[in-house]
Amino acid sequence: MPRTAKTVEVPAIGELDRHAGQLSLQLAQALRAAIGKGELKPGDLLPSTRVLAGALQLARGTVLAAFEQLTAEGFLEAQPGSGTRVALSLTRPAPAPVKHPDAGDMPLSDQALALEHFAAQLRPLPPVPFTVSVPINDTAPDDVWRRLGNRIRARGPGAPAGYGEPQGALPLREAICEYVRKSRSVHCTPEQVIITSGTQQGLYLATQILLDAGETAWVEDPAYHGITAIFNTVFRDRKMARVPVDSEGIAVAAGRKIAPQARAAFVTPSHQYPLCMPMSMSRRLELLAWAKAQQAWIVEDDYDSEMRYSGHPFPSLQGLDPARVIYLGTFSKVLFPSLRLGYAIVPQPLVNAFCGARVLMDRHPPSADQYVLASFMAQGHLDRHIRKMRGVYAEKRRVLTDAINAQVSAELATLHPSDQGMHMLLWLKADLDDRQVARKAAEAGIAVGALSPMYSPGSGKNGLILGLGGYTEQQIHQAAQKLNRVLATLATG
């Protein structure tokens, strides 16, 4: 017989990350884990949503959404007048796993192998110096974000509801239009904005929509793994032409020779990733002239343009030719990576195509955080937050520069000059292999990214990508000392 159900205290579920958002999902995962570990047993009666919300200092709507999700998954069952319990059906013995002795010998498709390789390339580095995209605590959104989230999720437009608009919530699209107009000289209307789950999804959608099978796109050399992997894995029927980057940005003349009939170009004009330089105005005009003559599209990845520490951020490429450029932006860099909200601003003829592709991918972005972000922006909090970020990251950049110059021998490596962005580039000398350096650095407790794999095969240069992450001045200097020891050991080995 099943054990007698009784009211129990909810076990400790750990601290919810209130800055990361999606508290209902965090709570659902915590309760799911408690059930899995046996801390909550089949038949246990849970506190009411009102009581649990008060105990955890959450909005009742947040707790209700978590309960509804777990009920739908079969972990909880609700009975009118009896409250919500852990499902009794969970007492049933799990069926014995079916053994397939030869499962390990099953051949994987080329697609699976390619995606497996990409997963290894983009596996998150541990949160130690000099990992890229580790938020700095001083720049995390404060209690304003939490208060807005509680209010909007509990009884505002972000409360649990039906399906949302594939294009994204209108208030957020309106706020984005105003933001990019003022900060990036982007020309658009809310009808041209597609909310995405980040820049990566924007790149995926653009590749899917702009190119037919057999057609070619220019991609910078070197470039972000996320764009090259799209061509190397999912869309292998489209062609990628790697076009070298020089001190002014993508070399358009070289692109004309390598792939004169290309239908699109993927570029990072404000802050080339990973080499850090902006695209010159003459090169921008040359690229736009090519696109117009070729009837081609340009995809502008503007991933961290807000972070310029000397003068104003460079204006967007989109502002020079809104009819030709797809503009991609993200809030993951300026707020927090777990937010997973970005946007694509597309010429009007492409809007319906982007919406259709979005529906097939994941229907629409999560609604609640869109409304929280829209309110955060409309009330001026984002502008103040970015101003604060620039000051904090400028100081981190100074500390990292001083640490490298003081601790790392100039005979082994030199910093690439840059006045913007959330990472810096360290060029290696003495024929050091950056991939080997990255492996040895990880063994020493520091994390660096290798530059050479971001180039096309055979053209790579050895360098390290250093993030301006959330570390103290002492930690950064200690990490620089460790890095110098790794470089010195490999140079003499």
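Here is what the cut-offs are and how they apply
- Residues numbered from 1 in each chain as written.
- Predicted model: local features only at pLDDT ≥ 70, side-chain atom pairs only at ≥ 80, totals over all residues.
- Heavy atoms only, no water.
- UniProt positions renumbered as here; feature names shortened; annotations may be inferred.
- Helix = DSSP H or I, 4+ residues; strand = E, 2+ residues; numbered from the N terminus.
- Buried < 20%, exposed > 50% of the residue type's maximum accessible area, 1.4 Å probe, protein only.
- Contact = heavy atoms within 4.5 Å.
- Areas by Shrake-Rupley, 256 points an atom, 1.4 Å probe, with all protein chains shown as cover.
- Lys, Arg positive; Asp, Glu negative; His and termini not counted.
- Charge placed at Lys NZ, Arg CZ, Asp CG, Glu CD.
- Phe/Tyr/Trp six-rings, centres within 6.5 Å; stacked < 30°, edge-to-face > 60°.
- Pairing = 2+ DSSP bridges.
- Axes fitted to C-alpha atoms, helices over the stretch in contact; angles between N-to-C directions.
- Salt bridge = Lys/Arg side-chain N within 4 Å of Asp/Glu carboxyl O.
- Polar contact = N/O pair within 3.5 Å; in protein donor to acceptor, adjacent residues only side chain to side chain.
- Patch = residues over 30% accessible without salt bridge, like charges linked within 9 Å, V, L, I, M, F, W, Y side chains within 5 Å.
- Core = buried A, V, L, I, M, F, W, Y, C linked by side-chain atoms within 4.5 Å.
- pLDDT = per-residue confidence, 0-100.

An unreviewed UniProt entry lists the chain under the name PLP-dependent aminotransferase family protein, with Serratia liquefaciens given as the organism. Listed in UniProt under the heading Sequence similarities (unreviewed entry), the comment for the chain reads: "In the C-terminal section; belongs to the class-I pyridoxal-phosphate-dependent aminotransferase family."

Peer 1: How should the overall build of the chain be read in this particular structure?
Peer 2: Assigned secondary structure in the chain consists of 15 helices and 14 strands. Along the longest, intermediate and shortest principal axes, the C-alpha atoms of the chain span 75 × 55 × 55 Å. Buried positions account for 50% of the 493 residues belonging to the chain. Excluding contacts between residues fewer than 6 apart, the proportion of contacts in the chain whose partners are at least 24 apart in sequence is 75%. By element, 54% of the accessible surface of the chain is carried by carbon and sulfur atoms, the whole surface being about 23000 Å². Taken together, the 51 basic and 45 acidic charged side chains of the chain have centroids lying 4 Å from each other.

Peer 1: Looking at this structure, how should I read the packing of aromatic side chains?
Peer 2: Aromatic ring pairs: the centre-centre distance and the angle between the two ring planes describe each pair. One pass over the structure, following the stated rule, counts 8 aromatic pairs. An aromatic cluster is present here, built from Tyr-224, Tyr-273 and Tyr-303 joined pairwise through their rings.

Peer 1: What exactly am I supposed to notice about the sheet that holds strand β12 (residues 423-428) here?
Peer 2: Hydrogen bonds between backbone atoms are what pair the strands of a sheet, whose relative direction is either parallel or antiparallel. Pairing in this open sheet of 4 strands is antiparallel, and the strands run β11-β12-β14-β13 from one edge to the other. Taken across any chain shown, the strands that pair with only one partner, and hence form the sheet edges, are β11 (413-415) and β13 (449-450). Note: β11 against β12, 3 bridges, orientation antiparallel. What sits directly across from Thr-414, in β12, is Trp-427. Relative to the sheet, helix α14 (residues 434-443) contacts β12, β13 and β14 (463-467), its axis offset from that of β14 by approximately 45°.

Peer 1: How should the pattern of salt bridges be read in this particular structure?
Peer 2: Applying the stated criterion across every chain, the model contains 18 salt bridges. Residue Arg-242 pairs with Asp-221 through a salt bridge whose shortest N-O separation is 3.2 Å. Here the residue Arg-242 occupies a position in strand β5 (residues 239-246), and Asp-221 occupies one in strand β4 (residues 216-221), the gap between them amounting to 21 residues. When sorted by exposure, Arg-242 lands in the same class as Asp-221, which is buried. Arg-324 serves as the salt-bridge partner of Asp-321, at 4.0 Å between the closest nitrogen and oxygen. By relative accessible area, which is 17% here, Asp-321 ends up buried. Here the salt bridges share partners, and the residues they tie into one network are Asp-246, Glu-248, Arg-283 and Glu-286.

Peer 1: Would you mind showing me how to read the sheet that holds strand β6 (residues 249-250) here?
Peer 2: The 8 strands are arranged β3-β10-β9-β8-β7-β4-β5-β6 in an open sheet whose pairing can be described as mixed. Both outer strands of the open sheet, β3 (193-196) and β6, are each paired with one neighbouring strand and no more. The sheet contact formed by β5 and β6 spans 2 bridges and is antiparallel. Among the inter-strand pairings, Asp-246 is bridged to a residue of β6, identified as Gly-249. With respect to the sheet, helix α6 (residues 170-184) is in contact with β3, β9 (325-330) and β10 (342-345), its orientation differing from that of β3 by roughly 105°.

Peer 1: Teacher, can you tell me more about the side chain of His-381 here?
Peer 2: Within the element layout of this structure, His-381 appears in helix α13 (residues 381-407). Owing to a relative accessible area of 16%, His-381 belongs among the buried residues under this scheme. Side-chain polar atoms of His-381 contact the side chain of Gln-379, separated by 3.2 Å. For His-381, the side chain forms a polar contact with the side chain of Arg-384, separated by 2.9 Å. Among all residues touching His-381, those that are not within four sequence positions of it are Val-144, Leu-148 and Phe-376.

Peer 1: What's the story with a nonpolar patch on the surface in this structure? I'm lost.
Peer 2: There is a patch of nonpolar side chains on the surface, built from Met-281, Leu-285 and Leu-320 and spanning about 280 Å² of accessible area. Relative to the helices and strands, Met-281 resides in helix α10 (residues 281-294). By relative accessible area, Met-281 is classed as partly exposed at 45%.

Peer 1: Before we go on, may I ask you to explain the UniProt feature "domain: HTH gntR-type" (unreviewed entry) in the chain in this structure?
Peer 2: In this numbering, the UniProt entry assigns the feature "domain: HTH gntR-type" (unreviewed entry) to residues 21-89. Counting secondary structure, residues 21-89 comes out at 52% helix and 12% strand; the distance between its end C-alpha atoms is 32 Å.

Peer 1: Explain the side chain of Glu-306 to me, please; I cannot follow it from the model alone.
Peer 2: Mapped onto the elements, Glu-306 comes out in the loop between β8 (297-301) and β9. Nearest to the buried, unbridged Glu-306 among oppositely charged side chains is Arg-184, at 5.9 Å. Side-chain polar atoms of Glu-306 contact the side chain of Tyr-179, separated by 2.8 Å. Apart from the residues lying within four places of it in its own chain, the contact partners of Glu-306 are Tyr-179, Pro-313, Val-334, Ile-386 and Arg-390.

Peer 1: Can you walk me through the nonpolar core in this structure?
Peer 2: If you look at soluble globular proteins, the nonpolar side chains tend to sit buried side by side. Ranked by size, the top nonpolar core spans 63 residues in total, and within it Ile-176, Phe-331, Leu-335, Tyr-343 and Leu-373 carry the most contacts. Sorting elements by how many residues they give to this core places α13 first, with 8 residues. Those residues in contact with Phe-331, other than ones at most four positions away along the chain, are Ile-176, Phe-336, Leu-339, Leu-341, Gly-342, Tyr-343, Leu-373, Met-377 and Leu-382.

Peer 1: Sorry, what's going on with the confidence of the model for the chain here?
Peer 2: Detail in the predicted coordinates should be disregarded across regions flagged by low pLDDT. For the chain, mean pLDDT is 88; residues scoring 70 or higher make up 91% of the total. For residues 1-5, every residue scores under 50 in pLDDT, and the model assigns this stretch 6 contacts once sequence neighbours within four places are set aside.

Peer 1: Would you mind going over the pairing of β12 with me for this structure?
Peer 2: Remark: a regular strand shows side chains that alternate across the two faces of the sheet. In terms of burial, β12 is largely enclosed, as 5 of its 6 residues are buried. Summarising the sheet, β12 and β14 pair through 5 bridges and their orientation is antiparallel. Bridge pairing in β14 places Leu-425 opposite Ile-465.

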